[in-house]
Amino acid sequence: MDENDLKRYTVILGGGSGVLFQPLDETKTYILTAKHVLYKDIEDERGRKTKELISKINFSYSNDQSNLIEFEIAKGQNYFEHDSADAAILVLEENLGFNQIFIDERTTGFDSFNLTGYPNCKRNADDKYDKLIISDLNSYNDSLITLRLVVNHLEHEQITGFSGGGIIKINGDSLLLAGIQSETPNGPCNGEIQVVPIKRFEEIVDSNNLSQLLPGYLSKIAELIDVIIRLDDTNVELKPKLKTIIKRQLNQVKLNLINIYQSNYIEKSCVSKLNKKTKHFWTSFLEYALIISLIEDNALDEDSLMRIIKEKKFVFSDSDKGIYEMFSDILLFASDDTEGECLVLVGSLKVPSTKKTRRISTKDITKNIGSVNEADYIDRVDNVNRIKELIHLKAIELDCVNENEDSLNMFNIGQLDELLNELKRIVNEFFGK
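Below or above, wherever it landed, is the structure these notes cover. (Residues numbered from 1 in each chain as written. Predicted model: local features only at pLDDT ≥ 70, side-chain atom pairs only at ≥ 80, totals over all residues. Heavy atoms only, no water.)

### Overview of the packing of helix H5 (residues 239-249) against helix H15 (residues 416-430)
Their axes nearest at 10 Å, the elements H5 and H15 cross at an angle of 80°. As summarised for this structure, H5 and H15 are arranged roughly perpendicular, according to the angle between their axes. Between H5, through Lys241, Leu242, Thr244, Ile245, Arg248 and Gln249, and H15, the contact on the second element is made entirely by Leu416, Asp417, Leu419, Leu420, Leu423 and Lys424. Along the lines of polarity and charge, the residues of the contact of H5 with H15 split into six nonpolar, two polar and four charged. (Axes fitted to C-alpha atoms, helices over the stretch in contact; angles between N-to-C directions. Helix = DSSP H or I, 4+ residues; strand = E, 2+ residues; numbered from the N terminus. Parallel < 35°, antiparallel > 145°, perpendicular 65-115°, else oblique. Contact = heavy atoms within 4.5 Å. Nonpolar A, V, L, I, M, F, W, Y, C, P; charged D, E, K, R; others polar.)

As structure tokens, this is what we get:
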């Protein structure tokens, strides 16, 4: 990705701008924009000024800016807006190949982000596109982000037309979209712009049951690696060696996270349906995948994952209940589609604080009948008998790796292959293989 891609993903939309975004459904392309771009001023029968949704709008792509494409607006069918925020989504019923853009829900750190769009001052030029570099975050709340531009003064014609343009940055081989430019000021812009956070667009998607916007951390596994190998409680001499071999081992994880995101399996891995949208869920899933790759000692692809999950299942919970209550809910939730002697590997926001609560036999967990419907309770309780233990993911680090620091630390920096083999041995031993 380069500067040309910032332009390529940005469209002219009427008197404003928009951003192309391919959602999870590969048959569609969205244009994310500011809601006010789709409204016009009218007077009611009493002469009062009000706003009315227009019936159609023209848009054009960056590589053919003079070719206007007419879009007929049908609210609730191909046009969806936020009730309170200046945010709207147009739905094109085609795949335009704009699949390397992802959402970023950041609230700080806007370095390298740009405002992209088509200002009025360039609408008569052959190339109407422009971008403005973001310098700082001024303020943030759930409804609006205020950002400061590198340019500290723009006349009205230089900022008008950017409405609906994206706050975008290049992220290696993809783009990250953090928000959409809201309505521009009536006068000059004194170096500040107001932006609708991308979370407001997710709310449009959720409330209208649209295909989901993909988060940036699904664009590449490498983005999550450093999060899962912090090893905060590991011997300081061993820690850098372990980080090195774990990164090497992650090359054996041949999973496409976007494919996993779409899978039926992942829906059955979240106690709450909202979990799979969170970064914590995906760091836990990748930690699970790493552990499985150490046990299997083979490349972990999607076919092998579908085989393994019946006997070593991943479940994530964001519950704030006590550990035993949380495990009770997880036990019944995880009981479907398992084979005998199944292990459930648990990721959660709350990490059990003791060794005995990080690895629990199912016979020590009360079955919480309140967490399931009566109709399927009997079947679920019967299936629970296939599950042998619930093991929290952090048990592998805290109660397996860290308890074997001495044997692992015997290997020097020139013996990384031997260190990796020893790590695999003790992990397999931990799981009783």
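### Re the sheet that holds strand E20 (residues 387-392)
Sheet architecture is open: four strands sit in the order E17-E18-E20-E19, paired in mixed fashion. Both edges of this open sheet fall to strand E17 (312-317) and strand E19 (359-361), since each of them pairs with a single strand only. When strand polarity is set aside, the average angle formed by the axes of neighbouring strands in this sheet is 25°. With six bridges joining them, E17 and strand E18 (residues 342-348) adopt parallel strand pairing. The partner of lysine 313 across the bridge, within E18, is valine 344. Packing of helix H8 (residues 279-296) onto the sheet brings it into contact with E17 and E18, and relative to E17 it is tilted by some 160°. (Pairing = 2+ DSSP bridges.)

### As for unusual backbone geometry
Despite not being glycine, asparagine 209 shows a phi value in the positive range, around 55°. Within the element layout of this structure, asparagine 209 appears in the loop between helix H3 (198-207) and helix H4 (222-228). Overall, the relative accessible area of 71% leaves asparagine 209 in the exposed class. Non-glycine residue leucine 231 carries a positive phi angle of around 50°. Turning to its location among the elements, leucine 231 is positioned in the loop between H4 and H5. Classification of leucine 231 by relative accessible area gives buried; the value is 6%. (Buried < 20%, exposed > 50% of the residue type's maximum accessible area, 1.4 Å probe, protein only.)

### Observations regarding the pairing of E18
Remark: a regular strand shows side chains that alternate across the two faces of the sheet. For E18, a buried count of seven out of seven residues is recorded, marking the element as mostly surrounded by other parts of the structure. Burial along E18 is two-sided: Cys342, Val344, Val346 and Ser348 and Leu343, Leu345 and Gly347, pointing in opposite directions, are all buried. Here E18 runs beside E20; their pairing, made up of five bridges, is parallel. Its bridge partner lying in E20, valine 344 is registered against leucine 390.

### Quick word on a nonpolar patch on the surface
Where nonpolar side chains cluster on the molecular surface, the patch consists of Ile133, Val150 and Val151 and spans about 230 Å² of accessible area. Residue placement: isoleucine 133 occurs in strand E12 (residues 130-140). (Patch = residues over 30% accessible without salt bridge, like charges linked within 9 Å, V, L, I, M, F, W, Y side chains within 5 Å. Areas by Shrake-Rupley, 256 points an atom, 1.4 Å probe, with all protein chains shown as cover. Salt bridge = Lys/Arg side-chain N within 4 Å of Asp/Glu carboxyl O.)

### Structural notes on the packing of aromatic side chains
Applying the stated rule across the entire model yields 13 aromatic pairs. Here tyrosine 118 and tyrosine 129 contribute two aromatic rings whose centre-to-centre distance is 5.8 Å and whose plane-to-plane angle is 70°, an arrangement assigned as edge-to-face. Note that tyrosine 118 is positioned in the loop between strand E11 (114-117) and E12 and tyrosine 129 in the loop between E11 and E12, a separation of eleven residues in sequence. Given a relative accessible area of 0%, tyrosine 118 falls into the buried group. Tyrosine 129 gets classed as buried once you look at its relative accessible area, which sits at 10%. Here the basic side chain of lysine 276 rests over the ring of tyrosine 261, its NZ or CZ set 4.2 Å away from the ring centre. A cation over an aromatic ring shows up here: arginine 359 above the ring of phenylalanine 430, its NZ or CZ 4.5 Å from the ring centre. (Phe/Tyr/Trp six-rings, centres within 6.5 Å; stacked < 30°, edge-to-face > 60°. Lys NZ or Arg CZ within 6 Å of the ring centre and 35° of its normal.)

### Considerations on H15
Taking 1.5 Å as the rise per residue, H15 with 15 residues should run 21 Å; its terminal C-alpha atoms sit 21 Å apart, in good agreement. Note on H15: the residue one or two positions beyond its end, glycine 432, has a positive phi of about 80°. (Expected span 1.5 Å × (residues − 1).)

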